[in-house]
Amino acid sequence: MRRLLPLLLALPLTACEGSQSALSPHGDEASRVALLSWILFAGAAAIFALVVGALLLAWRGPERARAALAQERAIRLGGLVFPVVTLTLLLGYGVWQMRDAGAGEQQPELRIDLVGEQWWWRVAYHAPDGRAVADANQIRIPVGREVEIRLSSADVIHSFWVPSLGGKTDMIPGRTNRQRLRAERPGIYAGQCAEYCGGPHALMSFEVVAMPPAEFDTWLAGRAQPREAPATEEQRRGQEAFMAAGCGSCHAIDGTAATGTIGPDLSRFGERRLLAAGALRNGPAEVARFIADTQGPKPGNLMPSFRNLDDAERAAIATYLTGLK
Amino acid sequence: MTPIRERATLDAAAATLPRPEGELDKLEAAWKLPRGWRILSAVNNTVVGQFYIATAFLFFIFAGILGLLIRLQLAVPGNDFLPQETYNQIFTMHGTVMMFLFAVPAVEAAGVLLLPQMLGARDLPFPRLGAFAFWAYLIGGTVFFCTLFFGTAPSGGWFMYPPLTGAQFSPGVGADWWLLGIGFIEISAIAGAIEIIVGVLRTRAPGMTLARMPIFAWSMLIFAFMIVFAFPAVILATILLELERAFDWPFFIAARGGDPLLWQHLFWFFGHPEVYIIFLPAAGMVSMIVPAMTGVPLVGYRLIVVALIAVGFFSFGLWVHHMFTTGIPTRSLGFFSAASMAVAIPSGIQVFAWIATIATGRLRATVPALFVIGFLLIFTLGGLTGVMVALVPFDRQAHDSYFVIAHLHYVLFGGMVFPLLAAITYWAPAFSRRPLSERLGRWAFGLIFAGFNIAFLPMHLTGLLGMPRRVYTYPAERGWDWLNMVSTLGSFILAAGILVFVFNIVRHFRPSGSKPAGDIWGAGSLEWLPNHTYGLRSVPRIDSREPLWEQPGLAREVDAGAHYLPGTATGTRETIVTSPIEGEPEYVMRLSGPGWAHVVAAAGTAGFFLLLTVKLVVPAALCAVAAIVAMVVWMWDCDPPSAGEVDIGGGLRLPTYASGPNSHGWWAVAILAMVAGALYLSFIFSYLYLWVVSPTQWPGGAALPPLASTMLPVAALLASGAALFAAARLLRRERLPRIGLAALLALGALLAAAAVGLDLWAQWQAGVRPQANGYGALVYGHGVLQVQIVSAVVAVGLFAAARSLAGRLTAARRAVFDNLALLWAYALAQMLFGLALTHGFPRLVAEGLPS
């Protein structure tokens, strides 16, 4: 494997949009760990070669080598002294790496609240004016700034993991964990729940969109502005159907009568590339199909299928929702 | 007869030759195996051991098939081969069955099968207990596995993290199957561990000091002690979670003062030692096979023993490395990171000791040797990735990803399955008329080695490319698809290898009680002496680690009956009990023969737990009654009166009865008390842990039961102690008042039970309710533990009382009383401490807190 790895690396490095690989780091922690990983792999390869070499020499080697390996001294040297020295060095390096892996001492430049829910992600930003901006399954962060994600859970244990940006941190009921992220360059980084959380755990993904800081500030300020009414007739009909079908009792769309908090906030639904926490691509056709059959693409999820709506109503709702930005 | 060599230290001519006629016939009659289907009532370690290991191997194959289903599902992205819920049940069962129904039972089975032969004993000290453990495991395990076919198997992952496995998020019966089924099988594992400890420490051949003991016995001894201290933690966890599920006592519900992380601490305090519990015996097997295949003694014997003990200790100090991502402060993580790395050192010592042994002799490339080489390569890689995940920064990426799946399979499959396959091939001739085929063995090894690496090596990369574990599907665009396909292909090559291995066994393994193929390898340890249903014909005095190499002609002498105990001294099954360190003969112990009571008891116990799971209370109760009756029947004849002193040859006369601290039964109870102590310590940890997490729920003085309420329970406990003391004095009398003694025992035990009841009543009166919060749950959870221990005292107390009435408990025949007294004293201590904890601690912390 150690010999194969460099070859295989060509693959992850080519993936830039939606990358979910610890070996193609685009964030502070991920870069540090990727470097550490390569050191570890090289060291492991060397030690493995050493053990295999010793084994071969002991078995079929020249008499002198065999005599040397047959001593208790060889056991002490190879099995005690050598590991103690290398492990101590490694531990020192590891602890030194840990010093800035956790929550830093200074205030983060931005805080984002993230709540794990079966089986999606509730996101809350804090606009400069203090207002909360709700979103789901997508996290926008400014490139180069240190962001603290405050992690909690609404039901069972989940785990927040964006491999290209950093390690994972669990989201545990009754606790609030913190993880700092800093993206090195703009891009979309995929993340996924890493702690088995039942049923469709496999379909609990999200994306981190790293934006240039100025763009991010504009975006966040814009999200805190009052929403405009639907622009097109189709969207207006969609909004009506959405409200009439009672979607607003679970979902919220700011500036409307929909204020439900059970399901994901849909105020910025049109900005998401993914639907149902990564089970599907987002788009009007997919949304319309999903409303009709939520259990097919994501078995076990908590949204009922709305078969009582007709095709036109579902299409209108889909148009309305995907237009929300 | 053959001339016997003279040796000063070796009491070779212990018994005079030739042996009297009829002696062998009597020995054979005492150890005769039941015929036909009645073989199921057999208790001989060789028979039960073979059943045991066959059952474990069967579960290995079943769980392996589940693994193949997992691989099929993941072969391509977006696969719909298995439905989501089925997949979740399958991966949960794959892990659970491999860990609890295969790995631990398999090594325990190897111990049952090999230890008596290796130590020169005729059988293990508690043959029926061993058989009971096996039957309980077989029945419980089979029912547990079959839940899969009804779609009601657990689906919370093999480490069952709440709240996912709590009543709210897993309302079905699946989690209960796990908690009751596995909890029950763990109890069977503990029974096996107790038997192994007493067997290794007390039934070795004369002269086999600890320093001459085979490494496998050392590893099994440490293995068994690790079970004694590690399993209670997970048993407590399962009790607490089942109480939460059944009665809504919120131990793990954060919103009500519990904490989900408590489960993780308890589970991994068991779960990490578990890995070494599985690995140590496997390492012990390797330490037996390498010298046999190289023809020289193990180099670095003492270093290996120290390494095994060190692993045992270290392994209890690194459970938190499974919790590096839970948000525990980095400062404390450093300690666990260091401990996790330190545990690699003893493994390094063993690897180099095996290499040194290979360098000293000439390794013959037999099938067992090939599997050992495969083990060395794979386990070394697993150890290296283990060091990687011990580093917190690296683990934050690797944790819960396929990298960890790869790592754990390298460690467990490499570290345990390879040695086990080596061991099966190696020891088969000791129990089978013919050895396994070398040619088929080579094919099996080649396929398994290649298949394993093709399946699991790519997973390291799959994980680092971001694939989390326990996903039933994944999208195509992640770049995981071809890696998964390769893994799936590898897994089927691996399976083909296992199939060849099984075919080899079916084709060539022919169990034989009296004429096994025997020592085809030229090995040096005692299990290669001629073996019969009764074990060795006579037990030699041992003065080296490789008696067969050091004492040529030993096999012939032993089989001619030239050594100790060449027949049966009392006409029944018996074995020599020796001192724990020096291995000097102390007394002759009589062993139980075949019977059905322990089988019925096992079936009843299993039925009780399993029927309770599906809430069939009445049938469950009936099973419990059947189990208790069967146990009483089983135990009633277990303490036969002394048969006087007997001659075991060589001028050595030994008593046939022992009681108190010298007896094997007392040792077993002492270890049982350690199990209870470990369970109770786990509880104290839980109590203090929840207090640290949410101290505000601990009530102040007013809400506690008044201190005066402890007076009655304390008085009852003291009275119970006094009754025990009085009974002990009474028992010394020549003319024993049977009814008085029985009354004292029964009354004393019931007084202890009353103490528990009175205290719980006081808590209830004070308004403490188990559903209210974590604190209330702990108070009554504590009550459950106290009820548990006091029930044992009451049961054994009444049993002893009945024996007194029947005239089976006297000044000379008092082993039952001495064993009871030990358990009783422990229980009183635990209950007094419990009163201090539940009444004292809240007051202590209430004073410290500003009110």
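Here, residues in each chain are numbered from 1, in the same order as that chain's written sequence. Starting at A for chains and at 1 for ligands, labels are handed out in the order in which the entities are written. Predicted model: local features are reported for residues with pLDDT of at least 70 only, side-chain atom pairs are reported and counted for 80 or more only, and whole-chain, interface and lining totals are derived from all residues. Side-chain measures were taken over the full set of non-hydrogen atoms in the model, leaving aside hydrogen atoms and water.

### A look at the domain arrangement of chain B
Turning to step 1, where the next piece is worked out: The start and end points of each domain follow an automatic or database-based domain assignment. Along its sequence, chain B is carved into domain 1 (362–517), domain 2 (531–654) and domain 3 (695–847).
Turning to step 2, where the next piece is worked out: A straight line from the C-alpha centre of domain 1 of chain B to that of domain 3 of chain B covers 50 Å.

### A closer look at the sheet that holds strand β10 (residues 205–211) of chain A
Residue and element names in this part refer to chain A.
Turning to step 1, where the next piece is worked out: Strands are labelled as partners when DSSP assigns at least two bridges between them. Each helix is a run of H or I in the DSSP string that is no shorter than four residues. Each strand is a run of E no shorter than two, and both are numbered from the N terminus. Taken together, the three strands give an open sheet; going across it, the order is β4-β10-β9, and neighbouring strands pair in mixed fashion. Single-partner strands in this sheet number two, and they are β4 (138–142) and β9 (187–192). Here the strands of the sheet are splayed against their neighbours by 25° on average, with no regard to which way each runs.
Turning to step 2, where the next piece is worked out: As judged from the six bridges shared by β9 and β10, these two strands associate in the antiparallel manner. Within β10, the position partnered with I188 by the bridge is V209. Geometry is summarised by axes, namely lines fitted to C-alpha atoms with helices restricted to the contacting stretch, and by angles between N-to-C directions that run from 0 to 180 degrees.

### Some remarks on the packing of helix α4 (residues 72–98) of chain A against helix α9 (residues 330–342) of chain B
Turning to step 1, where the next piece is worked out: One can describe the packing of α4 of chain A onto α9 of chain B by two numbers: an axis separation of 11 Å at closest approach and a directional angle of 160°. With respect to α9 of chain B, the element α4 of chain A is oriented roughly antiparallel. When you trace α4 of chain A past α9 of chain B, the crossing you get is right-handed. For the pair formed by α4 of chain A and α9 of chain B, the contact residues are L87, L90, L91 and M98 of chain A on the first element and T330, L333, G334, S337, A338 and M341 of chain B on the second. Working rule for angles: under 35 degrees goes down as roughly parallel, over 145 as roughly antiparallel, 65 to 115 as roughly perpendicular, anything else as oblique. Should the near helix be turned anticlockwise from the far one by less than a right angle, the crossing is termed left-handed; should it be turned clockwise, right-handed. Two residues form a contact once any of their heavy atoms are found within 4.5 Å.

### Quick look at the interface of chain A and chain B
Turning to step 1, where the next piece is worked out: In this assembly, 81 residues from chain A lie in contact with 87 residues from chain B.
Turning to step 2, where the next piece is worked out: Interface of chain A and chain B: buried area, both sides summed, is about 7,000 Å²; carbon and sulfur atoms make up 70% of it.
Turning to step 3, where the next piece is worked out: Three residues stand out in chain A for area buried against chain B, namely W59, M98 and Y196 of chain A, and they jointly supply 11% of the buried area on that side.
Turning to step 4, where the next piece is worked out: Criterion for a salt bridge: a side-chain nitrogen of Lys or Arg within 4 Å of a carboxyl oxygen of Asp or Glu. Summed over the shared surface of chain A and chain B, the number is four salt bridges.
Turning to step 5, where the next piece is worked out: A salt bridge links D259 of chain B to R175 of chain A, with the nearest nitrogen and oxygen atoms 2.4 Å apart.
Turning to step 6, where the next piece is worked out: Polar contact is defined as a pair of N or O atoms within 3.5 Å, subject to the rule that within protein one atom must be able to donate a hydrogen and the other to accept it, and that residues adjacent in sequence are counted only when both atoms are side-chain atoms. Connecting chain A to chain B are 24 residue pairs in polar contact (both at pLDDT 80 or more).
Turning to step 7, where the next piece is worked out: Taken together, the elements giving at least two residues each to the side of chain A that touches chain B come down to α1 (5–14), α2 (28–60), α3 (63–69), α4, β7 (169–171), β8 (177–181) and β9 of chain A.
Turning to step 8, where the next piece is worked out: Across the side of chain A that touches chain B, the residue classes break down as 48 nonpolar, 21 polar and twelve charged. Accessible area, probed at 1.4 Å, shrinks when two parts are joined; the buried area is that loss added up over both. Residues were grouped as follows: Ala, Val, Leu, Ile, Met, Phe, Trp, Tyr, Cys and Pro as nonpolar; Asp, Glu, Lys and Arg as charged; and all remaining residues, including Gly, as polar.

### Thoughts on the pattern of salt bridges
All names here are of chain A.
Turning to step 1, where the next piece is worked out: Going through the model one piece at a time under the given rule, you end up with 37 salt bridges over all chains.
Turning to step 2, where the next piece is worked out: A salt bridge links R268 to D254; its shortest N-O distance comes to 3.2 Å. Placement of the pair is R268 in the loop between α6 (233–244) and β11 (274–275) and D254 in the loop between α6 and β11, with a sequence separation of 14 residues.
Turning to step 3, where the next piece is worked out: Each residue is placed in one exposure class: buried if its accessible area under a 1.4 Å probe, protein chains only, is under 20% of its type's maximum, exposed if it is over 50%, and partly exposed if it falls in between. The buried category is assigned to R268, whose relative accessible area is 3%.

### Things to note about the pairing of strand β2 (residues 585–590) of chain B
Residue and element names in this part refer to chain B.
Turning to step 1, where the next piece is worked out: Extensive coverage of β2 is indicated by the burial of five of its six residues.
Turning to step 2, where the next piece is worked out: The sheet contact formed by strand β1 (residues 574–578) and β2 spans five bridges and is antiparallel. Across the sheet, the residue bridging to T578 is P585, located in β2.
Turning to step 3, where the next piece is worked out: Between β1 and the antiparallel strand that follows it, β2, lie six residues; G583 among them carries a positive phi value of about 70°.

### Observations concerning the domain arrangement of chain A
Residues and elements named next belong to chain A.
Turning to step 1, where the next piece is worked out: Domain assignment breaks chain A into domain 1 (23–97), domain 2 (110–222) and domain 3 (233–322).
Turning to step 2, where the next piece is worked out: For domain 2 versus domain 3, the separation of C-alpha centres amounts to 22 Å.
Turning to step 3, where the next piece is worked out: Contacts between domain 2 and domain 3 engage 18 residues on the former and 20 residues on the latter.
Turning to step 4, where the next piece is worked out: Seen at the junction of domain 2 and domain 3, the total is three salt bridges.
Turning to step 5, where the next piece is worked out: A salt bridge links R272 to D135, with the nearest nitrogen and oxygen atoms 3.0 Å apart.

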